[in-house]
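The primary structure of each chain is shown beneath.
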Amino acid sequence: GLSAPLARQGALFTLSSPNERPEAKGAVYSVRCLGGFEVRARGGPIERWPLEKSRELLALLVAQRGASVAREVVAEALWPDYEWDAALKHTLSNVVTTLRSTLRTALDDEALQPLFAARQRFQLPTALFESDLDELEAAIRRAPSLPDAAALAEYERALALYAGDFLEGEFFAWLDSYRLEYRQLLI
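All of the points below concern the structure found in this document. (Residues numbered from 1 in each chain as written. Predicted model: local features only at pLDDT ≥ 70, side-chain atom pairs only at ≥ 80, totals over all residues. Heavy atoms only, no water.)

The next thing to look at is the nonpolar core. Side chains of a nonpolar character, in soluble globular proteins, are inclined to be buried together. With 53 residues, the main nonpolar core has Tyr29, Leu57, Leu58, Phe166, Leu167 and Trp174 as its most contacted residues. Dropping the residues within four chain positions of it, leucine 58 is found in contact with Phe37, Val39, Trp49, Leu99, Leu103, Leu124 and Phe129. (Core = buried A, V, L, I, M, F, W, Y, C linked by side-chain atoms within 4.5 Å. Buried < 20%, exposed > 50% of the residue type's maximum accessible area, 1.4 Å probe, protein only. Contact = heavy atoms within 4.5 Å.)

Okay, the packing of helix α1 (residues 52–63) against helix α3 (residues 86–107) next. Here α1 crosses α3 at 80°, and the two axes come no closer than 8 Å. Taken together, the axes of α1 and α3 are roughly perpendicular relative to one another. Residues Lys53, Ser54, Leu57 and Leu58 of α1 pack against Val95, Val96, Thr98, Leu99 and Leu103 of α3. When its residues are assigned to classes, the contact of α1 with α3 shows six nonpolar, two polar and one charged. (Axes fitted to C-alpha atoms, helices over the stretch in contact; angles between N-to-C directions. Helix = DSSP H or I, 4+ residues; strand = E, 2+ residues; numbered from the N terminus. Parallel < 35°, antiparallel > 145°, perpendicular 65-115°, else oblique. Nonpolar A, V, L, I, M, F, W, Y, C, P; charged D, E, K, R; others polar.)

Let us now look at the sheet that holds strand β5 (residues 116–118). Reading across from one edge, β4-β6-β5 is the order of the three strands in this open sheet, with antiparallel pairing throughout. Looking at the sheet topology across the chains shown, the edges are occupied by β4 (69–70) and β5. In terms of strand pairing, β4 meets strand β6 (residues 121–123) through two bridges, oriented antiparallel. When the sheet's bridge partners are listed, valine 69 is paired in β6 with phenylalanine 122. (Pairing = 2+ DSSP bridges.)

Inspection of the entire model under this criterion finds ten salt bridges. Salt-bridge contacts for aspartate 134 lead to arginine 65; the nearest nitrogen and oxygen are separated by 2.5 Å. One end of the pair, aspartate 134, is in helix α4 (residues 132–142); the other, arginine 65, is in the loop between α1 and β4, with 69 residues separating them in the sequence. The exposure class of aspartate 134 is partly exposed, given its relative accessible area of 27%. The buried category is assigned to arginine 65, whose relative accessible area is 11%. (Salt bridge = Lys/Arg side-chain N within 4 Å of Asp/Glu carboxyl O.)

Time to look at the packing of aromatic side chains. If you walk through the whole model with that rule in mind, you get six aromatic pairs. Look at tyrosine 29 and phenylalanine 129: their rings are 4.9 Å apart centre to centre, the planes differ by 25°, and that puts the pair in the stacked class. Taken together, the positions of tyrosine 29 in strand β1 (residues 29–32) and phenylalanine 129 in strand β7 (residues 129–131) put the pair 100 residues apart, joining distant regions of the chain. Ring geometry for phenylalanine 166 against tyrosine 178: centres 5.5 Å apart, planes inclined by 25°, an arrangement best described as stacked. Within this pair, whereas phenylalanine 166 is found in the loop between α5 (148–161) and α6 (176–186), its partner tyrosine 178 is found in helix α6, the two being separated by twelve residues in sequence. An aromatic cluster is built from Phe166, Phe172, Trp174, Tyr178 and Tyr182, whose rings are joined through pairwise contacts. (Phe/Tyr/Trp six-rings, centres within 6.5 Å; stacked < 30°, edge-to-face > 60°.)

Our focus in this paragraph is the side chain of arginine 179. Summarising the element assignment, arginine 179 is placed in helix α6. No salt bridge is formed by the buried arginine 179; its nearest oppositely charged neighbour, aspartate 176, is found at 4.5 Å. Engagement of the side chain of arginine 179 in a polar contact is seen with the backbone oxygen of leucine 167, the distance being 2.7 Å. Dropping the residues within four chain positions of it, arginine 179 is found in contact with Phe166, Leu167, Glu168, Gly169 and Glu170. (Lys, Arg positive; Asp, Glu negative; His and termini not counted. Polar contact = N/O pair within 3.5 Å; in protein donor to acceptor, adjacent residues only side chain to side chain.)

Written as structure tokens, this is what we have:
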């Protein structure tokens with residue numbers, strides 16, 4: 001299934017990026033998930049999403065924190081009431097193609113690979129993406145090992161990053177467990 005959010009993964013934080021691209025010079029996409037969902041490409045907002053499901057797919061993959069996700073699991077999350085069949089496989093393929101195209105168009109770079117699809121799994125290249133989730137988790141992970149004043153500053157940073165519930169204002173079927181997990185993390 002989907003990687004459970006945060007604490008249910010067995011460790012509170014999983015910050016790994018096995019798919020780093022050596023030629024990447026930092027993230028080119030910035031994704032805000034805490035509060036309203038926003039995607040930016042080199043600072044400019046991506047506002048045109050030809051398929052709403054491509055936007056939802058991006059949110060789902062960002063929530064996976066760099067982990068790969070089986071295509072059947074993605075389909076179940078995006079279309080929970082549909083059977084996994086040839087029609088749904090085709091629909092998912094169209095959504096993936098649209099997401100790649102939207103992200104490439106935002107940077108005017110048709111050679112860019114903003115989404116990996118291999119072995120029936122999808123994964124975002126973590127070298128290209130940064131998110132407020134990364135920053136929030138990093139601040140909370142660092143805080144306990146710091147002296148009191150510095151720890152307090154990290155906790156305050158985490159609190160400031162929490163601009164609202166996870167994907168606030170969105171109504172994707174798979175959101176509830178993530179929203180609860182981030183609320184608990186904030187507390």
